[in-house]
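# Inside the fold
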Amino acid sequence: MQHALTPTQSDFEPNMLSGLNPAQRSAVEAVNGPVLVLAGAGTGKTRVLTTRLAAILLNGLASPFQIMAVTFTNKAARELQERVSALVGRPTEGWFLGTFHSLCTRILRKHAERVGLKQNFTILDTDDQLRLIKQILEAENVDTKRTPARAVLAVIERWKDRGYTPDKVPATEVTQSGLYLKVYQIYQERLRTLNACDFGDLLLYNLVLLQNNLDLLQEYQHRFRYILVDEYQDTNVVQYLWLRLLMLTPDGQARNICCVGDEDQSIYGWRGAEIGNILRFEQDFPGAKIIRLEENYRSTGHILGAASALIAHNRDRLGKTLWTTASEGDRVRVQSLWDGESEARFVGDEVESFQRRGMSLNHMAVLVRAGFQTREFEERFLKIGVPYRVIGGPRFYERQEIRDAIAYLRIILVPEDDLAFERIINVPKRGLGPATMQQITTHARVNKIGMLEAVRQLLNTDAFKPKMRTTLQTFIRLYDMWCAQLQDLPHTDLTERVLEESGYIAMWQAEKTPDAPTRLENLKELISAMSEFDNLQSFMEHVSLVMEKTSSAEQEQVTLMTLHAAKGLEFDLVFLPGWEEEIFPSRRSLEENGMKGLEEERRLAYVGITRARKHAIISNVANRLVYGSWTNAIPSRFISELPAQHIETHAEAGMFGTMNRASFNSRGTSAAPAEFAQSSVMSSSFGKSHYPARPKTSFIEGRAERIEDEPTYKFRKGDRVFHQKFGYGTIELMDGPKIEVTFDMGDTKKIMAEFVVPESLAGEF
DNA sequence: AGATGTACCATTTTT
DNA sequence: TGGTACATCT
C-alpha cells in the first residue's frame, strides 16, 4: 500500500513540498519500498533527503527511533540533523542520524561482548595501528624496510572494507606466502587484548554481529522501519552488506530503504568505495524505484554543458542528463601557460581582477588534484597579499601534543591501553630506556596483562634499578590519583591536572622551538573543546570519531583544496589548474587501476567543474617542475574531451613553437588531438629535461613583473614596515624569505619579506 | 640526549 | 627538490 503524502495529512508542514520540483517531490513521496534517487551535481539531494525524513515523521509513519539516516562525513551528518530539526521543529538528539561510523559505534558498544570486547573499548587511530603492526612485523622478524607497516595495514584495511574477517580472507587474496594474513590474525588478537578496535572494525563487527546473531538481526530489522543513505556511491562492501542485511527480509523482499547518490561523483574507489553498489541497486533491491534528479540549480549553461560532455565519456554510469534554466553564462575558460609559476601568477591576477569587479574572495576556490599542488599558489598569494585558506592540512587531533594529551586520558579510562601507555610513559622524559621498556613488555606479554599492570607487579619485585623504581612508583602514584578523581573532578579540571602534574605542560614550556607556544595554545584549546561534552567518555568518543579542524579566521579568503575535499561545495569562481597528463589524470591511478582508474579521475574532473556556479577556469602548463626536475607536460586528455561550444581556449604569449606537439590553437577546441593525448601515457614519452629557456614575455604586460622588481630590504625582528594592502605593522618573526607581521589594523600575517618596505620608505612605495 | 648525516621517496583521506 | 625516518656520531 502506498501512502500518499499530502500537506493536509497530520501535522505536515504545509510549505514543505511546495518548493520542490516534480522529481524531488516524487522522491519524497515514494515512501515505501526501495528507492534510489540518482541526484546529479547541484540538484538538491540533501533537500530531498531531509524533506523525506521529515515527511515520514510528520505523517506518523514512524517514530524518530525507527528511522536511520546515514551519511559519510560528520559535516553531512550535522547538516542533516540541523535541517531535519528545523523541519520538524525539535532537536534530533539521540536519533539515528549520523555517520556510518558513529551509528555503528553506538550499536557496537551495546553488544561489544558478543565480539569479545568490553563495552568501554577504545578506537585506535592510524598512528597506533601502524605502531602495532610494526611491532608485530618486528616480532615476526620481518624486514620492515622491504615490507613497511603502512603497506601491510593498507592490505588489512582493504580486507576489512570487503568484509573479510581473518578467517574469511579468500585464498586468492592471500599473497606473500600468507604473511599478511598471519599479521592480520595477530593484529586482531592484539586488538582484542588491548580492548580496542580500529575504524574498519567498527563496521566489520557490526556486520558480524548481524550475521552471527539472529536475535540482533531481527531486533534491528524490526526497529529500523526506514533507512536513508546519503552518498550511496561511496559505500564500501561492508556497509553495503550491513545495509542489505537490515533492509532485505529473509525472503528477499526489500523494505523501506532510500539511497541518494550520484554515480558520476564516486571518487573514493581507492579507499574501498564500491561504485558497483549504486550501479547494481535495482538488482539488489527488487522492485526498486529509480528517480532521477536532473535539474541543476547551481551552474550556468556552459559550465553544465562542459561537465556533462566530459562525464559522458565514462562507460560505468547509469546516466543522467542535467539541465538548467539558468542562462548560458560564461564559457569554461581553458588557459595554457608556460610553467607553474606563470600559472600561479595567472590565477593570482584573475583572483584580483574578479575581486576588483566585486566578487568576494570567499566565493573563489582553487581546486587541485593533489595536496602538494597548493604550494605554488600559496606562495603567489602570500606575495601579492591575497588572503587564503588551505583545507585539509594537519588536523587538530592529529597534532603531537594533542595526541599525547589524549593518550594520558585514554590510559586513565582504559588501563590496558598499552599503546597509550607506550606513548606517554616517557613523555615527558622520565629516563626510561629501551632496557626498562623491554622488561615491562616481556612481563606483560608473558603474563598476558597490560603494561601498566606489569609495572605494578614488577614494582613488587626488585626487577627495576633503584632509580627507575622511584620514577615508576611516582608515576603510578600520580596515575592512581588521577583515576580516583575521575568521578569527582570535572573532566576539564582533571585534564588540566593531568597535564600539569605529569610534567607535560612543563615540558613544552621548557622547549624553546618556535612552535612550542602554539602547542601550549593547542592544549588550551583542547580543554575548551572538552568543556562542550558532559564527561570524559563522551569526549573521547568524539575524539576518535570526529577529527574536525577548528578554523578561526573570519576574514575573506580564497579557498585552496584538493578536488576530493571540494565534493559537496560550490563557488562562484573555480580554478582548476594542473590539467596535465600524469598529474590529472594521475599517472598512478591509471597504472594501478587502468580503465577504472581513468573513469574515477574523470569523475573527479566532473566534480571539479560542477563546483563552479558562474566561472570555471581550467589551466595547464607546458613545463612543470616535478620533484626538482623540469618535465614537459602534455595537456590533460580531459581538456580535449570538453566540447568546443562550451569552452574558450587561451594560450600565454610565447607558448608557440616552444610547446612542440603540445601546442594549442588560440581559439577553437583542443589542439591536443585525442590520439596524441592517449599515446602520451602508453609510451611514456614524458621525458625529464632541463629547464627550458623561459620566454621573457610576461603574461600581462607591465603587471606581472611589478612585484618581483621591488628591492628587498634587510629586516630584523621588531622593525616597522609598510605593506601596500595591509598598511603599517611590526615584524614579529623572521622565517627565511617570509616574515610574520602584526599590522596596526590588528591582523597578524605571514608574508614574503620582499613585499614590504621599511616604514621610512612608505611614501615611495 | 641531541646533533648531524644519509638514504629514500614522493596521490586522493574520511572515520 | 624537500621532507622524513632512521642511523650514527659527539
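Residues numbered from 1 in each chain as written. Chains lettered and ligands numbered in written order. Predicted model: local features only at pLDDT ≥ 70, side-chain atom pairs only at ≥ 80, totals over all residues. Heavy atoms only, no water.

## Observations concerning the protein's contact with DNA strand B
What counts here: We call a residue near a molecule or strand whenever a single non-hydrogen atom of that residue lies within 4 Å of it. N or O atoms within 3.5 Å of each other form a polar contact, as long as, within protein, one can give a hydrogen and the other can take it, and as long as residues adjacent in sequence are counted only when both atoms are side-chain atoms. Helix numbering and strand numbering both begin at the N terminus, where a helix is a DSSP run of H or I of at least 4 residues and a strand a DSSP run of E of at least 2. Note on residue classes: Ala, Val, Leu, Ile, Met, Phe, Trp, Tyr, Cys and Pro are nonpolar, Asp, Glu, Lys and Arg are charged, and everything else, Gly too, is polar.
His 101, Arg 369, Arg 395, Thr 562 and Ser 586 are the nearest of the 22 residues found near DNA strand B. In the interface set of DNA strand B, defined as its atoms within 4 Å of the protein, sugar plus phosphate atoms amount to 54%. Residue Asn 74 places a main-chain N or O atom 2.8 Å away from a phosphate oxygen belonging to DNA strand B. Separating a base oxygen of DNA strand B from a side-chain N or O atom of Arg 369 is a distance of 2.5 Å. For the surface near DNA strand B, the leading source of residues is helix 26 (residues 587–610), giving four residues. Counted by class, the surface near DNA strand B contains six nonpolar, nine polar and seven charged residues.

## What to know about the domain arrangement of chain A
Our working definition: Domain boundaries shown here were taken from an automatic or database domain assignment. Contacts between residues were defined by any pair of non-hydrogen atoms, one from each residue, lying within 4.5 Å. Two parts lose some accessible area (1.4 Å probe) when they are put together, and adding that loss for both gives the buried area. In the sections that follow, a salt bridge refers to a side-chain nitrogen of Lys or Arg positioned within 4 Å of a carboxyl oxygen of Asp or Glu.
Taken domain by domain, chain A comprises domain 1 (15–108 + 204–293), domain 2 (122–194), domain 3 (332–387 + 551–706), domain 4 (401–513) and domain 5 (720–764). Computed from C-alpha coordinates alone, the two centres of domain 1 and domain 2 are separated by 32 Å. Listed as interface residues are ten residues of domain 1 and, on the opposing side, ten residues of domain 2. Between domain 1 and domain 2, a total of about 690 Å² is buried, with carbon and sulfur atoms accounting for 56% of that surface. Contact with domain 2 buries surface across domain 1, with Leu 204, Tyr 205 and Val 237 losing the most and accounting together for 52% of the total. Across the contact surface, domain 1 and domain 2 share zero salt bridges. Here domain 1 is connected to domain 2 by four residue pairs in polar contact (both at pLDDT 80 or more). Contributions of two or more residues to the side of domain 1 that touches domain 2 are made by helix 8 (199–212) and helix 10 (237–247). Examining the composition of the side of domain 1 that touches domain 2, we find that four residues originate from one element, helix 8, more than from any other.

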